Amino acid sequence: MSITQNNFESSNSPQSDSQNEVIPHWQPILHGEISPSSILQISPVSFAYIGDVVFELYIRTKFLLPPKKISDYHHQVVGKVRAESQAAYLQQLYPLLTDIERNWVRRGKNSVNKSPRRLPLQTYQQATGLETLLGYLYICDRQRLEYILSQIKI
């Protein structure tokens, strides 16, 4: 299949009113299948690496409307994606998490033993725990990821 067939569902996509052009619906594709046994081979730091991107994209998307200058977007987003905010978001979400999700948070926290100078270690560990959870859910359960992100009070 071509990239167009995999990533863009043009036949079912919404139409743009202003130019009557097709707006593609993008769906990321994982390279190869990841089996349940393979999940345990992925380090918490690797999940946090993915989770960091997922969270930043989620926050950027939240502030996309109404349209603004890029610098205005940046100022809104920076405060929401910093470690202190992520640690607070984790506290909001923690009661909603399953035992498996809490285990990934714990593994993410435990993977960090040094923090940037400006942050207490515990704050950095909590932020990494959230990122680990989001990376894990991005790979394993997109529906659950969407639910968890929707529960964050921004």
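Data block above holds the structure.
What counts, and where the lines are drawn
Residues numbered from 1 in each chain as written. Predicted model: local features only at pLDDT ≥ 70, side-chain atom pairs only at ≥ 80, totals over all residues. Heavy atoms only, no water. Phe/Tyr/Trp six-rings, centres within 6.5 Å; stacked < 30°, edge-to-face > 60°. Helix = DSSP H or I, 4+ residues; strand = E, 2+ residues; numbered from the N terminus. Buried < 20%, exposed > 50% of the residue type's maximum accessible area, 1.4 Å probe, protein only. Lys NZ or Arg CZ within 6 Å of the ring centre and 35° of its normal. 1 Å grid on protein atoms, 1.4 Å probe; cavity = no way out; pocket = protein on both sides within 12 Å on 5 of 7 lines; lining within 4 Å. Points joined across faces, edges and corners; volume = space filled by probe spheres on them. Nonpolar A, V, L, I, M, F, W, Y, C, P; charged D, E, K, R; others polar.

Undergrad: Would you mind showing me how to read the packing of aromatic side chains here?
TA: Counting across every chain of the model gives 4 aromatic pairs. Ring geometry for phenylalanine 55 versus tyrosine 89: centroids 5.8 Å apart, planes at 55°, classification tilted. Of this pair, phenylalanine 55 sits in helix H3 (residues 44-62) while tyrosine 89 sits in helix H5 (residues 83-93), and the two are 34 residues apart along the sequence. Between tryptophan 104 and tyrosine 136 the ring centres are 5.1 Å apart and the planes differ by 20°, which places this aromatic pair in the stacked class. Separated by 32 residues along the polypeptide, tryptophan 104 in helix H6 (residues 99-110) and tyrosine 136 in helix H7 (residues 121-140) bring together distant segments of the chain. Here tryptophan 104 matches tyrosine 136 in class, with each residue buried. Connected via pairs of aromatic rings, a cluster forms that spans Phe47, Trp104 and Tyr136. The ring of tyrosine 138 carries arginine 142 above its face, with NZ or CZ at 3.8 Å from the centroid.

Undergrad: Is there a simple way to explain the layout of surface pockets in this structure?
TA: In this approach the atoms are scanned with a rolling probe the size of a water molecule, which exposes any empty space left behind. If you add up the space inside the second largest pocket, you get close to 210 Å³. In terms of lining, the second largest pocket is formed by 17 residues, of which the most central are Ala48, Tyr124, Ala127, Thr128 and Glu131. Among the elements of the structure, H3, H5 and H7 are those that each provide at least two residues to the lining of the second largest pocket. With 5 residues, the top contributor of residues to the lining of the second largest pocket is H3. Here the residues of the lining of the second largest pocket are counted per class, giving 10 nonpolar, 3 polar and 4 charged.

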